There are 2 protein chains.
Amino acid sequence: MEQQYLSIQKISELTGISTYTLRYYEKNGLIHPITRAAGGRRQYSAGDLEWIRFLLRLRTTGMSIRQMQQAAHLRRQGPSTAKERRQLLEAHLESIKKQIEALQEHQDAIEDKIVVYKQWEEDYPLKEESK
Amino acid sequence: MEQQYLSIQKISELTGISTYTLRYYEKNGLIHPITRAAGGRRQYSAGDLEWIRFLLRLRTTGMSIRQMQQAAHLRRQGPSTAKERRQLLEAHLESIKKQIEALQEHQDAIEDKIVVYKQWEEDYPLKEESK
DNA sequence: CTACAACTTAGAGCGCGCTCTAAGTCAACT
DNA sequence: AGTTGACTTAGAGCGCGCTCTAAGTTGTAG
C-alpha cells in the first residue's frame, strides 16, 4: 500500500500557503474538512491539493474570501450545483477580463509616459530648456 | 479673470477619491503641497488634477503607497530625475505585464473549468452517472 | 446673518486577509 | 525517553489603505 496522503506541511510547500492559512481556510469553509489520520492529523488527497490550487487561482485573480466560501459551499453540494458553480465562475471570468482590459489601458498610458521621460532625458542634461 | 482652480470637493468628484483621502495623500507626500487660497483652502490646478489621475493609474495597477511616495518625491526634484522616474515606471510596467500574463493564464484555466461544468450540467440531471 | 464648506492636528477605527501565540494533548520517529 | 510535528480553541496582532471623528477656526455664498 502506497502512502498517497500528504501532510499539511507538504501541502504548504507545494502551494506556498502557510499551514496557518491552510487551517484558517478549512475553518472558514474554503476547504472542506480534510480527512484525519490517527491523532487527528490531516491527510490531504491529490484531489484536495487540486482544489487548493484552484482556490489559489481564484485568490490571485482577486476573488474575496467570501466568494471563495460560496464556491466551496456549492462544491460540497455535489454535481447538482454545476450550473450555479458555472455561473459563479463566469461572473469571475468577466471580472478577470475587465482587470486585463484595465491593465492594458494603463500599460499603454504608462508606456507613453515613459516616452515623455526619455525625451526629457535627452533635453534636460544638454540644454537648460526647463520649460 | 477665469476661475481656473478647483476645490477639493470638485477634485473628489472628478477622480472618485474622497476628500479625506486627498488630504491623506497630500500629508503623506503622494501629492505635493497644493497652493492655498484665502483661509488656507486648497486650490487645485489642472496640472494637479492630471497628477492625481496619474496616481490613480498607479494605484489601480497595484502600486503601493510607499512606491507612489517615491514617484512623487522624484517628481518634486524636477526634470533632473527623469531617468529615475523612467526606471521606476519601467519596473512598474514590468509588474503590470506580469499581472496581465498571470491573469490570462488564469482566465484560460477558468474557461476550461467552465467547460467541465457545462458537461456536468448535461450529464447530471439526465442520468445518474454521478461517477 | 446664517449656513456651509473648508481648514488644522491627532488619533481612533475598520475591513481584509492573514499570521502568530498560548497552552495543552497526542502520536510517530530515533 | 525525548524530539518533532501535528492537533485544538480562542483570541491577539499586524500591515495596508483608507475613513472618520473631534473640536475648534475661518472664509464664502445666499
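See above for the structure.
Residues numbered from 1 in each chain as written. Chains lettered and ligands numbered in written order. Predicted model: local features only at pLDDT ≥ 70, side-chain atom pairs only at ≥ 80, totals over all residues. Heavy atoms only, no water.

Enquirer: Lay out the protein's contact with DNA strand D with the relevant residues and their values.
Expert: Taken together, 18 residues form the shell around DNA strand D, and within it Gln 9, Arg 23, Arg 36 and Arg 41 of chain A together with Tyr 25 of chain B come nearest. Close to the protein, within 4 Å, the atoms of DNA strand D are drawn from sugar and phosphate at a rate of 75%. Side-chain polar atom of Arg 59 of chain B to a phosphate oxygen of DNA strand D: 2.9 Å apart, as the coordinates give it. Of all the secondary-structure elements, those providing two or more residues to the surface near DNA strand D are α1 (8-15) of chain A together with α2 (19-27) of chain B. Among the elements that line the surface near DNA strand D, the one with the most residues is α2 of chain B, at 4 residues. The class makeup of the residues in the surface near DNA strand D is 6 nonpolar, 6 polar and 6 charged. (Near = heavy atom within 4 Å. Polar contact = N/O pair within 3.5 Å; in protein donor to acceptor, adjacent residues only side chain to side chain. Helix = DSSP H or I, 4+ residues; strand = E, 2+ residues; numbered from the N terminus. Nonpolar A, V, L, I, M, F, W, Y, C, P; charged D, E, K, R; others polar.)

Enquirer: Account for the interface of chain A and chain B, with residues named and values stated.
Expert: The partner chain B presents 34 residues to the 34 residues of chain A that form the contact. Summed over both partners, the interface of chain A with chain B buries about 3600 Å², with 74% contributed by carbon and sulfur atoms. Seen at the junction of chain A and chain B, the total is 4 salt bridges. For Arg 57 of chain A, the salt bridge identified is with Glu 105 of chain B, shortest N-O distance 3.9 Å. For the interface between chain A and chain B, the tally reads 6 residue pairs in polar contact (both at pLDDT 80 or more). Counting residues per element, the ones that place at least two in the side of chain A that touches chain B are α3 (46-60) and α5 (82-123) of chain A. Looking at the side of chain A that touches chain B, the element that brings in the most residues is α5 of chain A, giving 26 residues. Residue composition of the side of chain A that touches chain B, by class: 15 nonpolar, 8 polar and 11 charged. (Contact = heavy atoms within 4.5 Å. Buried area = accessible area lost by both parts, 1.4 Å probe. Salt bridge = Lys/Arg side-chain N within 4 Å of Asp/Glu carboxyl O.)

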